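Here is how the chains run, residue by residue.
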Amino acid sequence: MATIKFSVHRNPKKDDLGRDTYQVRQDCSDTVDTKEMENGLKTRSLVRRETMETALTVLKDEIIDTLLDNKRLHLDGIGTFSLKIGFRERTDEEGKPMPVSFTDPKDITGNDLAVEGVIFQPDKAFMTSLKEKEAHFENATGRGRVGHSKEYTREALEADLSKYLTAHGRITCREMKREFGLTDYMSRKWLGILMSEPTPFLVEDKVGSTSFYSLA
């Protein structure tokens, strides 16, 4: 039986009676990369590694081309991919990100937009198969304990990371959690933010299944 680890987190807003409420999140221990998945399929004798590599490359290119052709892509039994768009990040005279907002819809043009990510909506059949698998849920933080992250501004975290990376050269997600008091969720969220364009602060280098992050 599979074991799914979770952590409990306090919601930012209280309920109508002023009480704290809580949510749960999966507490992932690791990320399986393409090479590991290929090795798993090879062990099961389902497909040759070379065939898998080619299929993944073709699939990736097809998804990208379809989304950029202003279409959604639906894979039967898996789900639908679509684009998430938003406002392009702006920077001030010092090159620091600044908030983007509009008070008049007529001011918004295509030049103000950027692709922020990809939305995945799983098929009902996919979710049914997933839910039918037996799983045990285990609290990674311990019963009654609430997971939480230290609060950072981007500037403060970049300053602390600069000191750490100057001394150590690189950092992993697990080390970032430990050194900066972050949950797994917030550590991964910050890494995504700090590697985002147009002014990435960090770059990723994968060694085997482990990702290392260093100054851009």
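Summary of the structure given here. (Residues numbered from 1 in each chain as written. Predicted model: local features only at pLDDT ≥ 70, side-chain atom pairs only at ≥ 80, totals over all residues. Heavy atoms only, no water.)

### Concerning helix α5 (residues 173-180)
Rule in force here: A 1.4 Å probe rolled over the protein chains alone gives each residue an accessible area, and that area as a share of the maximum for its type sets the label: buried under 20%, exposed over 50%, partly exposed in between. Comment: elements are numbered from the N terminus, with helices defined as DSSP H or I runs of at least four residues and strands as E runs of at least two. Here the arc refers to the set of directions running from the helix axis out to each C-beta atom. Contact between two residues is taken to exist if any of their heavy atoms lie within 4.5 Å; hydrogens are not considered.
Every buried residue belonging to α5 is among Cys173, Met176 and Phe180, and all of these are buried. An end-on view of α5 places all buried positions within 55 degrees of arc, on one side of the element. Projecting away from the buried face of α5 at angles above 90 degrees are the exposed residues Arg174 and Arg178. Against the buried residues of α5 lie α4 (154-168), α6 (184-194) and β10 (210-215).

### Details of the sheet that holds strand β2 (residues 22-26)
Going by this rule: Only strands joined by at least two bridges in the DSSP assignment are considered to pair. Comment: axis = line fitted to C-alpha atoms, over the contacting stretch for helices; angle = value between 0 and 180 degrees taken between N-to-C directions.
Reading across from one edge, β2-β1-β8 is the order of the three strands in this open sheet, with mixed pairing throughout. Looking at which strands have only one partner, the edges of the open sheet turn out to be β2 and β8 (135-139). Sheet twist, expressed as the average angle between the axes of neighbouring strands with direction ignored, equals 35 degrees. As paired strands, strand β1 (residues 2-10) and β2 are joined by five bridges and run antiparallel to one another. Paired with Phe6 across the strands is Gln26, a residue of β2.

### As for the pairing of β1
Bridging between β1 and β8 involves five bridges; their strand directions are parallel. Across the sheet, the residue bridging to Thr3 is His136, located in β8.

### Things to note about the packing of aromatic side chains
Stated formally: Between 30 and 60 degrees the pair is tilted, below 30 it is stacked and above 60 it is edge-to-face, where a pair is any two Phe, Tyr or Trp rings, Trp via its six-membered ring, whose centres lie within 6.5 Å. For a ring to carry a charge above it, either NZ of a lysine or CZ of an arginine must fall within 6 Å of the ring centroid while also lying within 35 degrees of the normal to the ring plane.
Taken as a whole and judged by the stated rule, the model has five aromatic pairs. Plain terms: the ring middles of Phe120 and Phe126 are 6.4 Å apart, the flat faces sit at 85 degrees to each other, and that makes the pair edge-to-face. Of the residues examined, Phe120 reaches a relative accessible area of 34% and is grouped as partly exposed. Both rings, one in Tyr152 and one in Phe180, keep their centres 6.4 Å apart while their planes meet at 80 degrees; by these two values the pair is edge-to-face. Residue Tyr152 is located in the loop between β8 and α4, and its partner Phe180 is located in helix α5; the two are separated by 28 residues in the primary sequence. Judged on exposure class, the residue Tyr152 and its partner Phe180 are both buried. Through pairs of rings, three or more aromatic residues link up here, namely Phe81, Phe120 and Phe126. When the ring centre of Tyr185 is taken as reference, the NZ or CZ atom of Arg25 above it lies at 4.2 Å.

Remember, this is a structural readout, not a statement about activity or role.
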